[in-house]
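Residues per chain, in single letters:
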Amino acid sequence: MSNSSSTTEFLLLAFADTRQLQLLHFWLFLGIYLAALLGNGLIITAVACDHRLHTPMYFFLLNLSLLDLGSISTTVPKSMANSLWDSRAISYWGCAAQVFFFAFLIVAEYCVLTIMAYDRYVAICKPLHYGTLLGSRACVHMAAAAWASGFLNAVLHTANTFSVSLCGGNVVDQFFCEIPQILKLSCSRSYLREVGLLVLGVCLAFGCFVFILFSYVQIFRAVLRIPSDQGRHKAFSMCLPHLAVVSLFVSTAVFAYLKPSSISSPSLNLVVAVLYAVVPPAVNPLLYSMRNQELKDALWKMMSGCFSEGIN
């Protein structure tokens, strides 16, 4: 294939080459996908319906759950369908859509996680200014900026990735259309423009990570000055779920894109991609609800109400 215009489809990396393992992959991904839908759906419903959760922290958590649902729905259903129908194909425009939505949702999610770190910083280090700094309008503006940043990032990366000439075949060494794997098919130096955008993105992501790190240094310093054990426990309960989610998100993504080429292989790339693209959306609801009594109470109240109505 001489260039991208003559490419009508791409072939994705298969998880298995035997029918039994393909079906195992389908059922495994189906379980993870349903868990992500259920967990994030419950959080979205609880936050939307319970007035006690109409606070900045839960507003940003609702945004995070929406982004998690979107990101896992971008990659997993197509991979499941390919395993079920014993196929590897994805259309050119389907691949472009995957690149766009994944870049959009992942960057927006990272921005929301950064904003959530700021929310925790203000709540613990500047509690008297919390209502002023994180009023309703400010929260909406910050959430809109996160979504807009993701959208702009997706437009730039998708346009650049699919404007390069492709002559390296149409086999993508990943289970979804991932930008670095598509750039490997390029046969011209035009891909350097996209590499430059990726480097700029990494620099901005590093800036967000430094901000999150600085916020938590200040948070832990403030928490350790709290005299009562109960106060320290409550403060840590507010922060640890977010810190766990950020750690999972950043560590898997950094390893995926910055691991040494000497240890890179299609099977390792596949496992790492699952860890950063599939596992977090399914695990995040569990991490946030495990130590959050308010959220657990709201979920229990909601499910009890639905169960009572079902009986009556």
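Quick note: structure is the one above.
It should be emphasised that the depicted structure is a prediction, and the values quoted were computed from it without experimental measurement. (Residues numbered from 1 in each chain as written. Predicted model: local features only at pLDDT ≥ 70, side-chain atom pairs only at ≥ 80, totals over all residues. Heavy atoms only, no water.)

(A) The overall build of the protein chain, seen in detail. The number of helices and strands found in the protein chain is eleven helices and two strands. Expected size for 312 residues packed as a compact globule is a radius of gyration near 20 Å; at 21 Å, the protein chain falls within 12% of this value. Dimensions of the protein chain, computed from the C-alpha atoms along their principal axes, are close to 65 × 50 × 35 Å. By the burial criterion, 45% of the 312 residues in the protein chain qualify as buried. Accessible surface for the protein chain amounts to roughly 15,700 Å². Of this, 69% is attributable to carbon and sulfur atoms. (Helix = DSSP H or I, 4+ residues; strand = E, 2+ residues; numbered from the N terminus. Rg over C-alpha atoms; globule rule 2.2 N^0.38 Å. Buried < 20%, exposed > 50% of the residue type's maximum accessible area, 1.4 Å probe, protein only. Areas by Shrake-Rupley, 256 points an atom, 1.4 Å probe, with all protein chains shown as cover.)

(B) Molecular detail of the packing of helix α3 (residues 92-125) against helix α5 (residues 136-161). Two elements in contact, α3 and α5, have axes whose closest approach is 7 Å; the angle formed by their N-to-C orientations is 150°. If you check the angle between α3 and α5, you find them roughly antiparallel. The chirality of how α3 crosses α5 is right-handed. On α5, the residues touching A96, V99, F100, A103, F104, V107, A108, C111, V112, I115 and Y118 of α3 are M142, A143, A146, W147, S149, G150, F151, N153, A154, V155 and T158. (Axes fitted to C-alpha atoms, helices over the stretch in contact; angles between N-to-C directions. Parallel < 35°, antiparallel > 145°, perpendicular 65-115°, else oblique. Left-handed = near helix turned anticlockwise from the far one by under 90°. Contact = heavy atoms within 4.5 Å.)

(C) Representation of a nonpolar patch on the surface. A grouping of V254, Y257 and L258 is seen on the molecular surface, where their side chains present a nonpolar patch of about 300 Å² in accessible area. Mapped onto the fold, L258 is located in helix α8 (residues 229-258). According to the relative accessible area criterion, L258 is exposed, its value standing at 57%. (Patch = residues over 30% accessible without salt bridge, like charges linked within 9 Å, V, L, I, M, F, W, Y side chains within 5 Å. Salt bridge = Lys/Arg side-chain N within 4 Å of Asp/Glu carboxyl O.)

(D) Region of interest: the state of the cysteines. The final tally for this structure, using the stated rule, is one disulfide. With its sulfur 2.0 Å from that of its partner, C95 forms a disulfide with C177. Because the sign of the S-S torsion sets the handedness, a value of about -125° for the bond joining C95 and C177 places this disulfide among the left-handed ones. Of this pair, C95 sits in helix α3 while C177 sits in the loop between α5 and α6 (179-183), placing them 82 residues apart in sequence. Taken as a pair, C95 and C177 share a single burial class, namely buried. C239 forms no disulfide, and the closest cysteine sulfur to it belongs to C125, at a distance of 8.5 Å. Look at C239 and you get buried, because its relative accessible area is 1%. (Disulfide = S-S within 2.5 Å.)

(E) Expanded view of the pattern of salt bridges. The full count for this structure, using the stated rule, is two salt bridges. Measuring nitrogen to oxygen at the nearest pair gives 2.5 Å for the salt bridge that ties R120 to D119.

(F) Geometry of the nonpolar core. Ranked by size, the top nonpolar core spans 70 residues in total, and within it L61, L113, M116, F175, Y276, V278 and L295 carry the most contacts. Among the elements that line this core, the one with the most residues is α3, at 17 residues. In this structure, L61 is in contact with I43, M116, Y288 and L295, ignoring residues within four places of it in sequence. Formed by 16 residues, the second largest nonpolar core is a distinct cluster that contains L12, Y92, C177 and I179. (Core = buried A, V, L, I, M, F, W, Y, C linked by side-chain atoms within 4.5 Å.)

(G) Summary view of the environment of A96. Topologically, A96 is positioned in helix α3. In this structure the C-alpha to C-alpha distance between A96 and L30, which are 66 residues apart in sequence, comes to 24 Å. A96 has contacts with T158 and F162, leaving out every residue within four places of it along the chain.

All we've got here are geometric facts, nothing functional implied.
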